[in-house]
Amino acid sequence: MSAGLATRPADGTGTPRPRTPAARRKMLGLERDAWFLLLPALIPVLVLSVGPLLYGLGLAFTDAQSGVTRSTSFTGLRNLADLRLDSLFWQSFKIGIIWAVCVTALQFLLSLGLASLLNQNLRFRWLTRTLALVPWAMPEVVVGIMWRLVYNPDSGILNSTLRSLHLTSGNIDWLSSLTLALPAVIVVGVWAKMPQTTVVLLAGLQNVPAELHEAAALDGAGLWRRFTAVTWPAMKPVVLSITALDFIWNFNSFGLVYVLTNGGPGGKTRLPTLFAYQEAFQYGQFGYAAAMGLVMIAVIAILLTVFLRNRLKEADQ
């Protein structure tokens, strides 16, 4: 009986049904057709992303410089050896780590609070959610120009407000101060990048079953206890994902800091991406700048590997 059922045709044509999904896809020709369906999406990615990436990696092992009459030759690991001794690059790398950690941590904490507020049944909640997305809809150049006006030492609204509250008597040049420039830029980064994190965390909060909160409340759990015992465990995968992505995006930031300070004063806000840009397009050292990009790609790859390994361990548990 079992043998007859195992060999019974599925469609009445006398052909046995394939036993595995791979065999069924091969029989239907889905594997071949899938590549044709993916080509419209793969070609732009290959041409605009993968191709320039590979070209840039190749430049890292050459002495490429600006100028059409300059010849380019292979130099091996010389750029990386020079980069190892470049204190200015490693200083910018340190600033990039400080920037990425501070912006990621602050935007997560503030976004979690804002997402929790927007998740409540408040009046005009739809309007509040819309306004919370405004910074996300603004280009980085516009955000940078707007905040330059806010930080203006003579006519900026920040100094005017501080003077009216008698918190300061003079004009503070926020973006030209060696001690205040980086914190001022971090504030702008947090403000500009909060919306995307807020949207993700709000979606995660809305997926937490309300029945779990009600059951915990009936058991006498307070607000903080319900958050730590119910909300946080359910939100943990979302939190890990958005935090890792935010760190990578923040580490690769360029436009916002470029408009605000261009790396000044004295290199105190010069992120590694901005340093590589200056080496390439101000000093014409394309090969050396490409080596900087290679180091940054390696750092991001290591971070992604650690992140994916932790996620896979959690999925296996």
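Heads up: the structure comes first, above all this text.
Fair warning: this is a prediction, and the values are worked out from it, not measured in the lab. (Residues numbered from 1 in each chain as written. Predicted model: local features only at pLDDT ≥ 70, side-chain atom pairs only at ≥ 80, totals over all residues. Heavy atoms only, no water.)

## Describing the pattern of salt bridges
Opposite charge on two side chains permits pairing when their charged atoms draw close.
Point 1. Going through the model one piece at a time under the given rule, you end up with one salt bridge.
Point 2. Note that E140 and K193 form a salt bridge whose closest N and O atoms lie 3.6 Å from each other. Residue E140 is found in helix α8 (residues 140–150), and its partner K193 is found in helix α10 (residues 181–206); the two are separated by 53 residues along the sequence.
Point 3. By relative accessible area, K193 is classed as buried at 11%. (Salt bridge = Lys/Arg side-chain N within 4 Å of Asp/Glu carboxyl O. Helix = DSSP H or I, 4+ residues; strand = E, 2+ residues; numbered from the N terminus. Buried < 20%, exposed > 50% of the residue type's maximum accessible area, 1.4 Å probe, protein only.)

## Description of the environment of R163
Point 1. Relative to the helices and strands, R163 is located in helix α9 (residues 157–164).
Point 2. Here R163 falls in the partly exposed class, since its relative accessible area comes to 28%.
Point 3. In this structure R163 touches P153, D154, T168, S169, G170 and N171, once residues within four positions along its chain are discounted. (Contact = heavy atoms within 4.5 Å.)

## What to know about the packing of aromatic side chains
Point 1. On inspection of all chains with the given rule, the structure shows 17 aromatic pairs.
Point 2. Between W147 and W191, the aromatic rings sit 5.8 Å apart at their centres with planes inclined by 65 degrees, giving edge-to-face as the arrangement. Residue W147 is found in helix α8, and its partner W191 is found in helix α10; the two are separated by 44 residues along the sequence.
Point 3. The exposure class assigned to W191 is partly exposed, which follows from its relative accessible area of 30%.
Point 4. Ring plane angle 40 degrees and centroid distance 5.3 Å describe the contact between Y277 and F281, whose orientation is recorded as tilted. Of this pair, Y277 and F281 both sit in helix α14 (residues 272–281), four residues apart, roughly one helical turn. (Phe/Tyr/Trp six-rings, centres within 6.5 Å; stacked < 30°, edge-to-face > 60°.)

## Overview of unusual backbone geometry
Point 1. Geometrically, the link from G264 to P265 is a cis peptide bond, its omega value of -5 degrees lying close to zero.
Point 2. Mapped onto the elements of the fold, P265 is located in the loop between α13 (255–260) and α14.
Point 3. In this model, H166 sits at a positive phi of 60 degrees, which is unusual for a non-glycine residue.
Point 4. Locating H166 in the fold gives a position in the loop between α9 and α10.
Point 5. We classify H166 as exposed; its relative accessible area is 71%.

## Quick notes on the nonpolar core
Point 1. One finds W99 and M292 to be the most contacted residues of the largest nonpolar core, which totals 43 residues.
Point 2. Secondary-structure elements contributing two or more residues to this core are α5 (87–118), α8, α10, α12 (223–251), α13, α14 and α15 (286–316).
Point 3. Counting residues in each nonpolar core, the second largest holds 15 residues, with L202, V208, A216 and V230 among its members. (Core = buried A, V, L, I, M, F, W, Y, C linked by side-chain atoms within 4.5 Å.)

## Some words on the layout of surface pockets
Point 1. The volume enclosed by the largest pocket comes to roughly 510 Å³.
Point 2. Lining the largest pocket are 20 residues; nearest its centre among them are G56, A276, A289, A290 and G293.
Point 3. Taken together, the elements giving at least two residues each to the lining of the largest pocket come down to α3 (30–59), α14 and α15.
Point 4. Here the lining of the largest pocket gets eight residues from one element, more than from any other, and that element is α15.
Point 5. Around the second largest pocket sit 14 residues that line it, and N119, Q120, H213, L223 and T231 are the ones nearest its centre.
Point 6. Of all elements in the fold, only α5, α11 (210–218) and α12 reach the threshold of two or more residues within the lining of the second largest pocket. (1 Å grid on protein atoms, 1.4 Å probe; cavity = no way out; pocket = protein on both sides within 12 Å on 5 of 7 lines; lining within 4 Å. Points joined across faces, edges and corners; volume = space filled by probe spheres on them.)

## Considerations on the packing of α10 against α12
Point 1. Contact geometry for α10 and α12: axes closest at 9 Å, N-to-C directions at 160 degrees. One way to sum up the angle between α10 and α12 is to call them roughly antiparallel. Every pair of crossing elements has a handedness; the one defined by α10 and α12 is right-handed. Judged by residue contacts, K193, Q196, T197, V200, L201, G204 and L205 of α10 engage T231, M235, V238, V239, I242, D246, W249 and N250 from α12.
Point 2. Residue composition of the contact of α10 with α12, by class: eight nonpolar, five polar and two charged. (Axes fitted to C-alpha atoms, helices over the stretch in contact; angles between N-to-C directions. Parallel < 35°, antiparallel > 145°, perpendicular 65-115°, else oblique. Left-handed = near helix turned anticlockwise from the far one by under 90°. Nonpolar A, V, L, I, M, F, W, Y, C, P; charged D, E, K, R; others polar.)

## Topic: a nonpolar patch on the surface
Point 1. Judged by side-chain polarity, W35, F36, L38, L39, L42, I43, V45, L46, V47, L48, V50 and L54 come together as a nonpolar surface patch covering roughly 1,200 Å² of accessible area.
Point 2. The topology assignment puts L48 in helix α3.
Point 3. Relative accessible area serves as the criterion here: at 63%, L48 is assigned to the exposed category. (Patch = residues over 30% accessible without salt bridge, like charges linked within 9 Å, V, L, I, M, F, W, Y side chains within 5 Å. Areas by Shrake-Rupley, 256 points an atom, 1.4 Å probe, with all protein chains shown as cover.)

## What about the environment of Y277?
Point 1. Overall, the relative accessible area of 26% leaves Y277 in the partly exposed class.
Point 2. Distance from Y277 to Y258, taken between C-alpha atoms, is 10.0 Å for residues 19 residues apart in sequence.
Point 3. Non-local contacts of Y277, meaning those with residues more than four positions away in its chain, are made with F254, Y258 and Q282.

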